[in-house]
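Understanding the architecture of this molecule
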Amino acid sequence: MSADSVPFLQPGIAWALVVLFSVLWVALGIAWGRRGQGNADDYMLAGRNIGLALSTATLMASWVTGNTTLLAPEFGYKTGLWGMFSYALAGLGLILFAPLASRIKQLMPNGRTSGDFIRLRYGRLAWWVFMLITAIYTLGFLMTQAMGAGLLLQALSGFDYHVGMVVVIGVATVYTLFGGMRAVIGTDFIQSLLIMVLLAVVAVLAFRQFPMPEVHASLLARHPDRLDLLLPAGLLIAWNSALFSMGEVFHNNIWWSRVFASRRSVVMTSFVLGGIAWMSVPMVTGSIGLVALARELPLEQVNMVFPVMAADLLGAGGAALVFVVVFASLTSTLDSLLASTADLLAEDVYFRLLRPQASDLQLKQAARLMVVGLAVVTLALSWPRLDSLASVLFFTGALVASTVWPVACGLYWRTANRTAAIAAMLAGSVVGLLAYGLIAPYCAAVFSAAVSAIVMLMGSQFWPERFDFTLLQEEG
Amino acid sequence: MRRPTPLRVVVATHSAISGKKTLIACCLGIRRHLNRGHRARAGCLLCLSVSGVQTLFALDELLWARLIFALGAVVTAATVVMILRGHMYWNRMGSMDVR
């Protein structure tokens, strides 16, 4: 069944679900946003006092994206077992960031953004390079979420692509705008519970109808290459996901803002638990992709495997469950992206670069304006529909993987050289993009991280600095 | 059926137009070395270069994938080791030790 033909969910049911969850998220977001002191720090970082349960849930919910529910099954469908496993390796990004999070919390108890760290640690030029990388990545990430929203609603309920996109972005924008980080973290908690419970229901129901031995036998007969652990495309993807995810998490302000918002005593544990909990999601959705392959389900767009498969197996009920899961995934990621990117722009560009004399109220207002501005830009960029979300995503992998070593070395090594950090980010990005174009999109992050690591190691070895870490602590 | 233009004619024509004899000689040399019937000579640099390039690109898809897989594994392992060493070092030293 194609995404453009008969919808799986009656439009009336789909609209009822959209209205129900939209009202719920907006009402809860606004209510939670009214708590606290109402200053800029409270709006941007939820009072810096988030406990273990909320912190773990918001990390997991933010990392479960539209890509996890749409791309992981696509990987399973296209590249078999390795595709599924390698997507799950992206959980390493959160797990390996745990020790860094602990270090960040110790060094920068009053910090607000990842941009703060780069500027103080490596200087303004490195900050420009870093901001360029993070801007391209964030826009790419926002676009994939927005396009995922449009594709999902279209496939499941027959909504126009643009209507679905506007609804999801609109809802996430409204409660983020009025509730700030408190609203984001609060709704993330409920969204993560919904995602875990409903995914478990879909998986159990699916495998009861089409048991694993049958799937295995069918794959062995028709697509033995998908079970081959030496499948070239699968091997190419394997470490790319891990390094790509490290790049995403290490550099992006979504995760840094969670570090600053959480209590110091829980920050490391919450990243480890969030990463482990997240890994279960691509394993489940990826296995659904394998089931689709085993059943020879015809697909016009490969990234629609999961919703098409669930609706095919479970009928309208399955379509409704997937609809809720993906709606929660998309809004939980979009709210985090909007809030943390708005914070980054308000703090690093508006406050530190343009108006250092701005008051607390002006800073908060700037953050709110940035939320709206980002939502508008995302809509504009996502308006033309692209065939594969993977092509957009892997392009940014070449860039973000180059930040892994500069960020980690900057936190641990006094000797980390600022010129080497700039060269590492630039050289890694260029080589990663060349690998993307000349070899395969799947291996861009591997080459980017490899070159970046070599440049960072050599530069800091031959021209070591003696950085004073207390310079990071002074920021407040 | 039209017969292909002999190489000498092509070279002579190109030489007459461009006058770049060095370029022509290089092109001719490489072309001769790439010819299947060409016998490689031990002391010839061009023979060695052509052989190296041909060997590199003769690797099959699986071998390329394995090489990239190995590179990814090495980079990931190095990153994990660097992070864990840094974490343990600063845990021992105390986070604010700035000596």
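Residues numbered from 1 in each chain as written. Chains lettered and ligands numbered in written order. Predicted model: local features only at pLDDT ≥ 70, side-chain atom pairs only at ≥ 80, totals over all residues.

**What about the overall build of chain B?**
Inclusion rule: Runs of E in the DSSP output that reach at least two residues are strands. Runs of H or I that reach at least four are helices, and both are numbered from the N terminus. Exposure classification rests on a simple neighbour count of other C-beta atoms within 10 Å of a residue's own: a residue reaching 20 or more is buried, one at 12 or fewer is exposed, and one in between is partly exposed. C-beta atoms are placed from the backbone.
Looking only at helices and strands, chain B features four helices and zero strands. Secondary structure elements in chain B, listed N-terminal to C-terminal, are α-α-α-α. Relative to its full complement of 99 residues, chain B shows a buried share of 9%.

**Here we look at unusual backbone geometry**
One non-glycine residue, alanine 46 of chain A, lies in positive phi territory at about 55°. Following the sequence through the fold, alanine 46 of chain A ends up in the loop between α2 (40-45) and α3 (52-63).

**Section: the confidence of the model for chain B**
All names here are of chain B. What counts, and what does not: Per-residue confidence from the predictor is given as pLDDT, running between 0 and 100. Here, residue contact means that the backbone-derived C-beta atoms of the two residues sit within 7 Å.
Here chain B averages 64 in pLDDT, while 34% of its residues score no lower than 70. Mean pLDDT across the elements of chain B ranges from a minimum in helix α1 (residues 7-18), with 44, to a maximum in helix α4 (residues 61-93), with 90. Long-range and interchain partners of residues 1-28, a stretch whose pLDDT sits below 50, account for six contacts in this model, where long-range means more than four residues apart. Quick note on the complex model: pTM equals 0.82, ipTM equals 0.86.

**Some words on the nonpolar core**
Keep this limit in mind: When buried Ala, Val, Leu, Ile, Met, Phe, Trp, Tyr and Cys residues are joined through C-beta atoms within 7 Å, the set is termed a nonpolar core.
Membership of the largest hydrophobic core comes to 196 residues, with the highest contact counts inside it found for Leu243 and Val322 of chain A. Setting aside residues up to four positions removed in sequence, valine 322 of chain A forms contacts with Leu156, Val202, Phe306, Pro307, Ala310 and Ala311 of chain A.

**Remarks on helix α16 (residues 404-412) of chain A**
Of all nine residues making up α16 of chain A, nine are buried, and the element is well covered by its neighbours. Within α16 of chain A, burial applies to Val404, Trp405, Pro406, Val407, Ala408, Cys409, Gly410, Leu411 and Tyr412 of chain A. Elements in contact with the buried residues of α16 of chain A: α5 (91-107), α6 (114-122), α10 (232-251), α17 (418-438) and α18 (444-462) of chain A together with α4 of chain B.

**Description of the interface of chain A and chain B**
As a reminder of what qualifies: Gly is put with the polar residues, along with every residue not named as nonpolar or charged; the nonpolar set is Ala, Val, Leu, Ile, Met, Phe, Trp, Tyr, Cys and Pro, and the charged set is Asp, Glu, Lys and Arg.
With 27 residues of chain A at the interface, the matching set in chain B holds 22 residues. Of all elements in the fold, only α5, α10, α16 and α18 of chain A reach the threshold of two or more residues within the side of chain A that touches chain B. Examining the composition of the side of chain A that touches chain B, we find that nine residues originate from one element, α10 of chain A, more than from any other. Within the side of chain A that touches chain B, the residues separate by chemical class into 22 nonpolar, three polar and two charged.

**Things to note about the environment of tryptophan 127 of chain A**
Residue and element names in this part refer to chain A. Looking at where tryptophan 127 falls in the secondary structure, it is placed in helix α7 (residues 124-157). Along the backbone, tryptophan 127 and aspartate 116 are eleven residues apart, and their C-alpha atoms lie at a distance of 8.6 Å. Not counting the four nearest positions on each side in its chain, tryptophan 127 is found in contact with Gly115, Ile118 and Arg119.

**A closer look at the confidence of the model for chain A**
Note that predicted coordinates carrying low pLDDT should not be read in detail. Summarising the model, chain A shows a mean pLDDT of 87, and 96% of its residues fall at 70 or more. Mean pLDDT per element in chain A: helix α15 (residues 389-400) of chain A is the minimum at 80, and α16 of chain A is the maximum at 97.

**Regarding α18 of chain A**
Note the cut-off: To estimate how far a helix should reach, multiply one less than its number of residues by 1.5 Å.
Given a rise of 1.5 Å per residue, 19 residues ought to cover 27 Å, and the 27 Å separating the end C-alpha atoms of α18 of chain A matches this to within 8%. With 14 of its 19 residues buried, α18 of chain A lies for the most part within the structure.

**Some remarks on the packing of helix α9 (residues 212-222) of chain A against helix α12 (residues 267-294) of chain A**
Think of two packed helices as two axes; the pair is described by the angle between the axes and how far apart they sit. Residues and elements named next belong to chain A. Selection rule: For helices, the fitted axis covers only the stretch in contact; all axes are lines through C-alpha atoms, and the angles between them, taken along N-to-C directions, range from 0 to 180 degrees. For this classification, under 35 degrees means roughly parallel, over 145 means roughly antiparallel, 65 to 115 means roughly perpendicular, and everything else is oblique. We call a crossing left-handed when the near helix sits turned anticlockwise from the far one by less than a right angle, and right-handed when that turn is clockwise.
Running from amino to carboxyl end, α9 crosses α12 at an angle of 60°, the nearest separation of the two axes being 9 Å. Judged by the angle between their axes, α9 and α12 are oblique. The two elements α9 and α12 meet at a crossing, and its hand is left-handed. The segment α9 lies against α12, with Val215, Ser218 and Leu219 engaging Leu290, Val291, Leu293 and Ala294. Of the residues in the contact of α9 with α12, the class split is six nonpolar, one polar and no charged.

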